[in-house]
Every structure is written in structure tokens, then in C-alpha cells.
Amino acid sequence: MQQVMAESTARQSFNMLLLTVFAGVAVFLAAIGIYGLLSYTVQQRLQEIGIRMALGAGRGQMLALILGQGLRLAGIGIVLGLAAAFGLTRVLSSFLFGIKASDPLTFAVVAGVLALVAFLAAFVPAQRATRVDPIMALRNE
């Protein structure tokens, strides 16, 4: 009976495997894109960061500023993505076995993973920017 069941769901299982691989690649590309964008914007604002630090802003304040801006954008994207995913649950319900299409745990885990990826992608450039000497940042053009 298990063999008959496996044969009858083989096509759907393969489709879900493909969707899982594509989703993993999409998350990886999104992380690279977020990191690249934040790294570029931090590099463009290096003189501003140097001026702020020369005028007395602490490293923690600058880290919070850069992280806050990056995570605000990521939060908006996560909310819009969850709304779109919830709207597409009827299309995806034909591929799912054993869970409901609007499973709150799945939505929470995906949102948490994307928030963690966004935090790490924002933290690395922010940490690097706070280590820059203000005088060197002001001399660079």
C-alpha cells in the first residue's frame, strides 16, 4: 500500500522538491541582493557617517541608524510578501500534502528566516562602517 501511495504522489513530490530548491535559491539570491544594496548605500554614505562620528555620534548610534534603515525596508518587504503568499494559497493548495495552505507556523517560520537573513545582511555593512576612522572617511571622495 505504501508503494502504491508513493507512486500516486510521485509527481507532486517532485514538483514540491523543485519548488523547494527554487525557493532556497531565491532566498540565497535575496540575501546577496540585500547585502549588496546595503553595502553600496553604506559606502555612498561614508562621508556622512564620518561627519556624524566626528561630531560625537557613537558607534552604537551609527550601528542602530544603519540597521534601522535596512530592517525597516526588509520589514515592509516581508509584510507585503506574506500578504501576497496568503493571497496565493489557493494556487499552492494543490501541491501541499499534510498541511493546510494557510498554515500559520509555515508563514511564521518563513518570515523569521527572511528577517534573520535581512538582519545579517544589514549587520555586516553596518559593523564595517562603524569601524571606519572618521578622518579617513572625510578625506575619501
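If you're wondering where the values come from, they're calculated on a predicted model, not measured in any experiment.

Between helix H2 (residues 10-44) and helix H6 (residues 104-130), whose axes approach to 9 Å, the crossing angle comes to 30°. Between H2 and H6, the interaxial angle falls into the category roughly parallel. The interaxial crossing formed by H2 with H6 has right-handed handedness. For the pair H2 and H6, contact is made by Val27, Ala31, Ile34, Tyr35, Leu38, Ser39 and Val42 and by Leu114, Val117, Ala118, Ala121, Ala122, Val124, Pro125, Arg128 and Ala129, respectively. Residues belonging to the contact of H2 with H6 are distributed by class as follows: 14 nonpolar, 1 polar and 1 charged.

Scanning all chains against the criterion turns up 2 salt bridges. Between glutamate 48 and arginine 45 there is a salt bridge whose closest N-O contact spans 3.0 Å. Its relative accessible area of 21% is what places arginine 45 among the partly exposed residues. Note that glutamate 48 and arginine 52 form a salt bridge whose closest N and O atoms lie 2.9 Å from each other. Of this pair, glutamate 48 and arginine 52 both sit in helix H3 (residues 46-54), 4 residues apart, roughly one helical turn. Classification of glutamate 48 as partly exposed rests on a relative accessible area of 28%.

On the surface, Phe14, Leu17, Leu18, Val21, Phe22, Val25, Phe28, Leu29 and Ile32 cluster together into a nonpolar patch covering about 900 Å² of accessible area. Within the fold, valine 25 resides in helix H2.

All right, on to the side chain of threonine 130 then. Relative to the helices and strands, threonine 130 resides in helix H6. When its relative accessible area of 4% is taken as the criterion, threonine 130 is described as buried. In contact with threonine 130, other than residues within four places in its own chain, are Met53, Arg59, Met62 and Leu63.

With that settled, the discussion passes to the environment of proline 104. Looking at the secondary structure, you find proline 104 in helix H6. Residues proline 104 and phenylalanine 86, 18 residues apart in the sequence, show an inter-C-alpha distance of 10.0 Å.

Taking 1.5 Å per residue, 27 residues should reach 39 Å; H6 reaches 38 Å between its end C-alpha atoms and fits that length. Buried within H6 we find Phe107, Ala111, Ala118, Ala121, Ala122, Pro125, Ala126, Ala129 and Thr130. Of the surrounding elements, those touching the buried residues of H6 are H2, H3, helix H4 (59-87) and helix H5 (89-92).

Within the structure shown, the criterion is met by 2 aromatic pairs. Taking the centre distance of 5.7 Å and the plane angle of 25° together, the rings of phenylalanine 119 and phenylalanine 123 count as stacked. Residue phenylalanine 119 and its partner phenylalanine 123 are located together in helix H6, separated by 4 residues, close to a single helical turn. Phenylalanine 119 gets classed as partly exposed once you look at its relative accessible area, which sits at 33%.

The end-to-end C-alpha distance of H4 is 42 Å, a good match for the 42 Å that 29 residues give at a rise of 1.5 Å each. Within the span of H4, buried status applies to Met62, Leu63, Ile66, Leu67, Gly70, Ala74 and Ile78. Its buried side turned inward, H4 meets H2, H3 and H6.

Analysis parameters
- Residues numbered from 1 in each chain as written.
- Predicted model: local features only at pLDDT ≥ 70, side-chain atom pairs only at ≥ 80, totals over all residues.
- Heavy atoms only, no water.
- Axes fitted to C-alpha atoms, helices over the stretch in contact; angles between N-to-C directions.
- Helix = DSSP H or I, 4+ residues; strand = E, 2+ residues; numbered from the N terminus.
- Parallel < 35°, antiparallel > 145°, perpendicular 65-115°, else oblique.
- Left-handed = near helix turned anticlockwise from the far one by under 90°.
- Contact = heavy atoms within 4.5 Å.
- Nonpolar A, V, L, I, M, F, W, Y, C, P; charged D, E, K, R; others polar.
- Salt bridge = Lys/Arg side-chain N within 4 Å of Asp/Glu carboxyl O.
- Buried < 20%, exposed > 50% of the residue type's maximum accessible area, 1.4 Å probe, protein only.
- Patch = residues over 30% accessible without salt bridge, like charges linked within 9 Å, V, L, I, M, F, W, Y side chains within 5 Å.
- Areas by Shrake-Rupley, 256 points an atom, 1.4 Å probe, with all protein chains shown as cover.
- Expected span 1.5 Å × (residues − 1).
- Phe/Tyr/Trp six-rings, centres within 6.5 Å; stacked < 30°, edge-to-face > 60°.

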